[in-house]
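Here's the letter readout for the chains.
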Amino acid sequence: MPTDKLLDVVVKNFNLSSRNTAYSYLRVIHDLGLLEVKPTRVYKTPKGQDYLETQDRKIIAEALLNRIAGTQEVIQSLSKSPMPIGKLFEQMGELGYDSWKTKAQLRYRLHWLQEIGLVKKVGSNTRPTYEVV
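The following refers to the structure shown.

Calculation criteria
- Residues numbered from 1 in each chain as written.
- Predicted model: local features only at pLDDT ≥ 70, side-chain atom pairs only at ≥ 80, totals over all residues.
- Heavy atoms only, no water.
- Axes fitted to C-alpha atoms, helices over the stretch in contact; angles between N-to-C directions.
- Helix = DSSP H or I, 4+ residues; strand = E, 2+ residues; numbered from the N terminus.
- Contact = heavy atoms within 4.5 Å.
- Pairing = 2+ DSSP bridges.
- Core = buried A, V, L, I, M, F, W, Y, C linked by side-chain atoms within 4.5 Å.
- Buried < 20%, exposed > 50% of the residue type's maximum accessible area, 1.4 Å probe, protein only.
- Salt bridge = Lys/Arg side-chain N within 4 Å of Asp/Glu carboxyl O.

Bringing the packing of helix α3 (residues 46-54) against helix α4 (residues 57-67) into the picture now. Close contact between α3 and α4 brings their axes to 8 Å; oriented N to C, the two are set at 150°. Taken together, the residues of α4 that come into contact with α3 (itself represented by Lys47, Asp50, Tyr51 and Thr54) are Arg57, Ile59, Ile60 and Glu62.

In structure tokens:
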């Protein structure tokens, strides 16, 4: 599909305010190995086609853990003990992710891992802890 056409579809279907936001969404799917994003065209990868056909969340889980930096370490840390984001952020820094100056990168990963069912948030929304499912 032409990249411009897909960006228009994403903006419309997700009610986004900009094509830049839509493009950042496509980049995440690219980083997961499900799409190949070129300047003028977007192509499904074999893994992307498998996911479209099966809707198997294991494909996404595998992609997150194997292709997104820090996700394996988040799972390993939370497997030892549930913890709040602040403590997890400190641990991630000790594990070599000290370039993460804010918790934003960690929040994205936690959210993705929650969506795929590998991590859950426990407790209040103001001071939750996270644990492996």
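We are not done yet, so read on.
Note that strand β3 (residues 83-84) and strand β5 (residues 129-132) share two bridges and pair antiparallel. Directly across from Pro84, in β5, lies its bridge partner Thr129. Bridge count for strand β4 (residues 119-122) against β5 is four bridges, and the pairing is antiparallel. Each residue of the ladder has a partner; that of Val119, found in β5, is Val132.

Nonpolar side chains in soluble globular proteins tend to end up buried together. Residues Val74, Leu78, Leu88, Leu106 and Leu110 are the most contacted members of the largest nonpolar core, which totals 24 residues. Elements that contribute at least two residues to this core include exactly α4, α5 (71-80), α6 (85-94) and α7 (104-115). Counting residues per element, this core draws most heavily on α4, which supplies five residues. When residues no more than four places from it in sequence are discounted, the contact partners of Leu110 are Val74, Leu78, Ile85, Leu88, Val119 and Tyr130. Within the second largest apolar cluster, ten residues are counted, among which are Leu7, Leu16, Leu26 and Leu35.

This part takes up the sheet that holds β3. With respect to topology, three strands assemble into an open sheet ordered β3-β5-β4, the strand pairing being antiparallel. The sheet terminates laterally at β3 and β4, the two strands that pair on one side only. Against the sheet, α7 makes contact with β4 and β5, and its axis sits at roughly 105° relative to β4, the strand it touches most.

Moving on, we get to the pattern of salt bridges. Inspection of every chain in the model, using the stated rule, returns five salt bridges. We note a salt bridge from Lys47 to Glu62, for which the minimum N-O separation is 3.4 Å. Here Lys47, found in helix α3, pairs with Glu62, found in helix α4; they are 15 residues apart in sequence, far enough to count as distant. Given the relative accessible area of 38%, Lys47 is considered partly exposed. In this structure, the salt-bridge partner of Lys120 is Glu131, at a minimum N-O distance of 3.5 Å. In this pair, Lys120 is assigned in strand β4 and Glu131 in strand β5, connecting sequence segments eleven residues apart. Among the residues examined, Glu131 registers a relative accessible area of 22% and is labelled partly exposed. Connected through salt bridges with shared partners, the residues Asp4, Asp8 and Arg19 form a single ionic network.

Geometric descriptors of this kind do not, in isolation, establish any biological role.
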